[in-house]
Amino acid sequence: MEANGGGQDRDSELSCRNGTQNGESSSTVAAHSNGLISVTNNGNAVSNNNGVAAQPASNNNSSSAADGGSGVKKKKRLSQSEEDVIRLIGQHLNDLGLNQTVDLLMQESGCRLEHPSATKFRNHVIEGEWDKAESDLNELKALMHSPSAIVRMKFLLLQQKYLEYLEDGKVLEALQVLRAELTPLKYNTERIHILSGYLMCSHAEDLRAKAEWEGKGTASRTKLLDKLQTYLPPSVMLPPRRLQTLLKQAVELQRERCLYHNTKLDSGLDSVSLLLDHSCSRKQFPCYTQQILTEHCNEVWFCKFSNDGTKLATGSKDTTVIVWQVDMDIQQLKLMKTLEGHAYGVSYLAWSPDDAYLIACGPDDCSELWLWNVQTGELRTKMSQSHEDSLTSVAWNPDGKRFVTGGQRGQFYQCDLDGNLLDSWEGVRVQCLWCLSDGRTVLASDTHQRIRGYNFEDLTDRNIVQEDHPIMSFTVSKNGRLALLNVATQGVHLWDLQDRVLVRKYQGVTQGFYTIHSCFGGHNEDFIASGSEDHKVYIWHRRSELPIAELTGHTRTVNCVSWNPVVPGLLASASDDGTIRIWGPAPFLDVQDAEGLNECCSMDS
């Protein structure tokens with residue numbers, strides 16, 4: 001089908017065209033790709049494809065004539081993007097059932113919703129007229145960038161035809177489709193074998209269940225059309241629900257670019273306003289001190305929320321571990337248990353996967369570790385292999401039945417819950433440990449400024465990360481892909497463990513040779529937090545090197561931070577000033593803040 005100007009390429013030929021775009025008044029009937037027939041200049045009504053008569057144009061309004069009809073006002077020539085927008089709006093209105101509105105829109109704009117061959121094909125598929133739909137493919141073949149896709153489209157059509165015959169109990173007709181139409185295509189023979197098995201289905205419900213198919217009717221045919229459309233250029237037939245798809249992508253992109261977006265929202269469009277840009281307020285972010293815990297009487301070296309977010313464990317130089325209960329409703333903490341007797345102080349803590357147990361480790365000169373039953377407060381295991389050991393780090397195996405521990409004096413053990421030694425690795429001076437979700441690989445940072453992966457089953461090891469300065473601590477994201485390192489004199493580094501590359505260096509934090517523990521956190525672990533020797537807590541968006549918040553309030557080095565894994569707006573920090581600070585959103589939010597409008601706020605406590 002030629003448009004106004006037959007020398008254009010096929011895509012231009014298929015795009016929307018107005019009969020008067022060249023400034024000439026059309027005196028003939030103009031066909032549009034949505035099946036509409038435009039009104040002629042004599043004002044006679046002509047029926048459209050939907051069976052709705054187009055309204056006759058009155059002599060007063062059919063054309064804007066100047067000087068008593070001596071001339072015709074030129075219509076604005078639509079750009080390609082304008083035509084695309086009109087088609088998107090038309091498709092959306094059509095999905096809403098506003099067919100007459102679509103007819104008028106296409107008629108006035110001179111655009112067409114889709115190519116006439118596509119309209120005919122769509123109608124035949126929805127009506128289940130399979131022979132006609134198959135014949136339509138021959139017309140569509142000339143309009144496609146990849147004519148070979150016709151075979152795949154034909155296969156999908158015949159598959160639907162076959163299933164509908166089976167559902168109707170027409171087994172012989174279904175068998176004929178399978179043998180004489182599907183099989184000769186020589187495409188997806190594995191699927192043909194599966195389809196042949198459906199001949200054994202005893203009733204329609206059994207067929208629908210085994211085929212995971214909606215059954216004969218509009219629902220399954222519409223789903224089929226969605227699949228068929230993927231093989232057609234958008235100039236021929238728009239992708240299904242294209243406008244909604246674009247709007248969802250725009251909303252998701254705005255959320256991704258929002259530095260303070262920290263909540264899980266419904267992915268549907270009904271939960272957001274399309275009239276305003278998405279923007280979260282910093283007042284909704286955990287930048288404000290909600291609580292200061294002062295029960296420790298010396299430096300607090302470590303803090304860690306439990307996996308279910310209901311508890312916080314803190315370890316101190318005062319030789320105690322305190323377990324705090326988190327009130328999930330008001331997000332306040334209260335003392336639950338105090339675990340005593342750690343002679344050297346507690347510098348590291350690890351919750352078991354089910355949060356039933358808590359392991360406590362001490363500083364470099366500590367050769368013991370303690371395994372506590374959190375619920376009862378009883379010490380289950382006190383482990384020490386040698387008085388010369390240094391057990392400063394620990395990590396749980398995902399099965400919850402084993403753990404690994406080690407230190408800088410060359411110890412690297414795998415043990416059971418009773419402290420029995422299962423395996424050991426000689427000569428590894430461990431700084432920090434992490435068990436990957438595969439249950440076999442243990443990551444260990446050592447005194448050679450690297451992280452290596454150790455497999456205790458086949459006794460193999462490999463280099464994963466190599467830094468130029470000592471790695472003081474590291475943690476791993478939930479999906480096991482990213483590692484967050486606190487590197488002496490350098491700060492916080494993000495590594496991709498799979499590709500073994502340095503992704504980002506975060507700026508602002510002061511990191512010397514103190515052991516400082518950073519963490520991932522927030523919704524979807526989009527944020528990174530770290531303590532600092534300048535007494536602050538720094539927070540970054542994972543994709544941004546510059547901090548989005550600097551939290552003040554501590555008066556000495558902040559040794560550790562922990563983000564609640566269940567409540568994205570709850571963060572804890574432990575400091576040498578002897579306190580634990582609980583950070584949350586601003587205590588009082590006005591209506592605009594609650595709606596996520598972006599306002600400035602102080603980062604002070």
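Residues numbered from 1 in each chain as written. Predicted model: local features only at pLDDT ≥ 70, side-chain atom pairs only at ≥ 80, totals over all residues. Heavy atoms only, no water.

Engineer: Run through the overall build of the protein chain, naming residues and quoting values.
Structural biologist: The helix and strand inventory of the protein chain stands at 12 helices and 30 strands. Taken across its 605 residues, the protein chain has 47% of its residues classed as buried. Partitioning the contacts of the protein chain with sequence separation of at least 6, the portion at a separation of at least 24 is 49%. Summed over all atoms, the accessible surface of the protein chain reaches about 29000 Å², with 47% contributed by carbon and sulfur. (Helix = DSSP H or I, 4+ residues; strand = E, 2+ residues; numbered from the N terminus. Buried < 20%, exposed > 50% of the residue type's maximum accessible area, 1.4 Å probe, protein only. Contact = heavy atoms within 4.5 Å. Areas by Shrake-Rupley, 256 points an atom, 1.4 Å probe, with all protein chains shown as cover.)

Engineer: Account for the UniProt feature "repeat: WD" (unreviewed entry) in the protein chain, naming residues and giving values.
Structural biologist: Mapped onto the present numbering, the UniProt feature "repeat: WD" (unreviewed entry) falls on residues 293-327, 339-370 and 551-583. Split by type, residues 293-327 is 0% helix and 57% strand. Its first and last C-alpha atoms lie 14 Å apart. Along residues 339-370 one finds 0% helix and 38% strand; the C-alpha atoms at either end are 10 Å apart. (UniProt positions renumbered as here; feature names shortened; annotations may be inferred.)

Engineer: Which residues make up the packing of aromatic side chains, and what values go with them?
Structural biologist: Per the stated rule, a full pass over the model turns up 12 aromatic pairs. Ring geometry for F412 versus Y454: centroids 5.3 Å apart, planes at 85°, classification edge-to-face. Here Y454 lies in strand β18 (residues 450-455) and F412 lies in strand β14 (residues 412-416), a separation of 42 residues in the sequence. Of the two residues examined, F412 and Y454, each falls in the buried class. Cluster of aromatic residues (ring-pair linked, three or more members): F412, W425, Y454 and F456. (Phe/Tyr/Trp six-rings, centres within 6.5 Å; stacked < 30°, edge-to-face > 60°.)

Engineer: Would you mind going over the pairing of strand β30 (residues 580-584) in detail, with residue names and values included?
Structural biologist: For β30, a buried count of 5 out of 5 residues is recorded, marking the element as mostly surrounded by other parts of the structure. Pairing between strand β3 (residues 288-293) and β30: 5 bridges, direction antiparallel. For I292, the partnering residue across the bridge sits in β30 and is R581. In this structure, strand β29 (residues 571-575) lies alongside β30, joined through 4 bridges in antiparallel fashion. Paired with L571 across the strands is W583, a residue of β30. Linking β29 to β30, which pair antiparallel, is a turn of 4 residues; within it G578 sits at a positive phi near 85°. (Pairing = 2+ DSSP bridges.)

Engineer: Talk me through the confidence of the model for the protein chain; I want residue IDs and the actual numbers.
Structural biologist: Regions with low pLDDT should not have their predicted coordinates read in detail. Here the protein chain averages 84 in pLDDT, and 84% of its residues register 70 or above. Confidence drops under a pLDDT of 50 for residues 1-70, and excluding neighbours within four residues, the segment shows 122 contacts in the predicted structure. Predicted confidence is poor over residues 590-605, with pLDDT under 50, and the contacts of this stretch with residues over four places away or in other chains come to 39 contacts. (pLDDT = per-residue confidence, 0-100.)

Engineer: Could you give an account of the pattern of salt bridges, with specific residues and numbers?
Structural biologist: A side chain of one charge can pair with a side chain of the opposite charge if their charged atoms are brought near each other. Evaluated as defined, the whole model comprises 22 salt bridges. Measuring nitrogen to oxygen at the nearest pair gives 2.8 Å for the salt bridge that ties E164 to R221. One end of the pair, E164, is in helix α6 (residues 149-167); the other, R221, is in helix α10 (residues 218-229), with 57 residues separating them in the sequence. Classification of E164 as buried rests on a relative accessible area of 5%. Of the charged contacts, one joins R556 and E299 as a salt bridge, the two residues approaching to 3.3 Å between their closest N and O atoms. Residue R556 is located in the loop between β27 (549-551) and β28 (558-563), and its partner E299 is located in the loop between β3 and β4 (300-305); the two are separated by 257 residues in the primary sequence. For R556, a relative accessible area of 40% corresponds to the partly exposed category. Connected via shared salt-bridge partners are D131, K161 and E181. (Salt bridge = Lys/Arg side-chain N within 4 Å of Asp/Glu carboxyl O.)

Engineer: How would you sum up unusual backbone geometry? Please name residues and give values.
Structural biologist: In this structure, N188 is a non-glycine residue whose phi angle is positive, near 55°. Phi at L459 takes a positive value of approximately 55°, unusual for a residue other than glycine.

Engineer: Break down the packing of α6 against helix α7 (residues 171-182) for me, with residues and values.
Structural biologist: Where α6 meets α7, the axes come as close as 8 Å, and the angle between the chain directions of the two elements is 160°. Judged by the inter-axis angle, α6 sits roughly antiparallel to α7. Crossing of α6 against α7: the hand is left-handed. Contacts between α6 and α7 involve F155, L158, Q159, K161, Y162, Y165 and L166 on the former and, on the latter, E173, A174, V177, L178, E181 and L182. Residue composition of the contact of α6 with α7, by class: 9 nonpolar, 1 polar and 3 charged. (Axes fitted to C-alpha atoms, helices over the stretch in contact; angles between N-to-C directions. Parallel < 35°, antiparallel > 145°, perpendicular 65-115°, else oblique. Left-handed = near helix turned anticlockwise from the far one by under 90°. Nonpolar A, V, L, I, M, F, W, Y, C, P; charged D, E, K, R; others polar.)

Engineer: Account for the sheet that holds strand β13 (residues 402-406), with residues named and values stated.
Structural biologist: A sheet is described by the order of its strands in space; here 4 strands give the open sequence β12-β13-β14-β15, paired in antiparallel fashion. In the strand order of this sheet, the two ends are held by β12 (393-396) and β15 (421-424), each with one partner. Averaged over all pairs of adjacent strands, the angle between strand axes in this sheet comes to 25°, irrespective of strand direction. When β12 meets β13, the two strands line up antiparallel, connected through 4 bridges. Looking at the pairing, A395 lines up with V404 of β13.

Engineer: With reference to specific residues and values, describe the side chain of S352.
Structural biologist: Turning to its location among the elements, S352 is positioned in the loop between β8 (348-351) and β9 (357-361). In terms of polar contacts, S352 uses its side chain to reach the backbone amide nitrogen of A356, at 3.1 Å. In this structure, S352 is in contact with N307, Y357 and W396, ignoring residues within four places of it in sequence. (Polar contact = N/O pair within 3.5 Å; in protein donor to acceptor, adjacent residues only side chain to side chain.)

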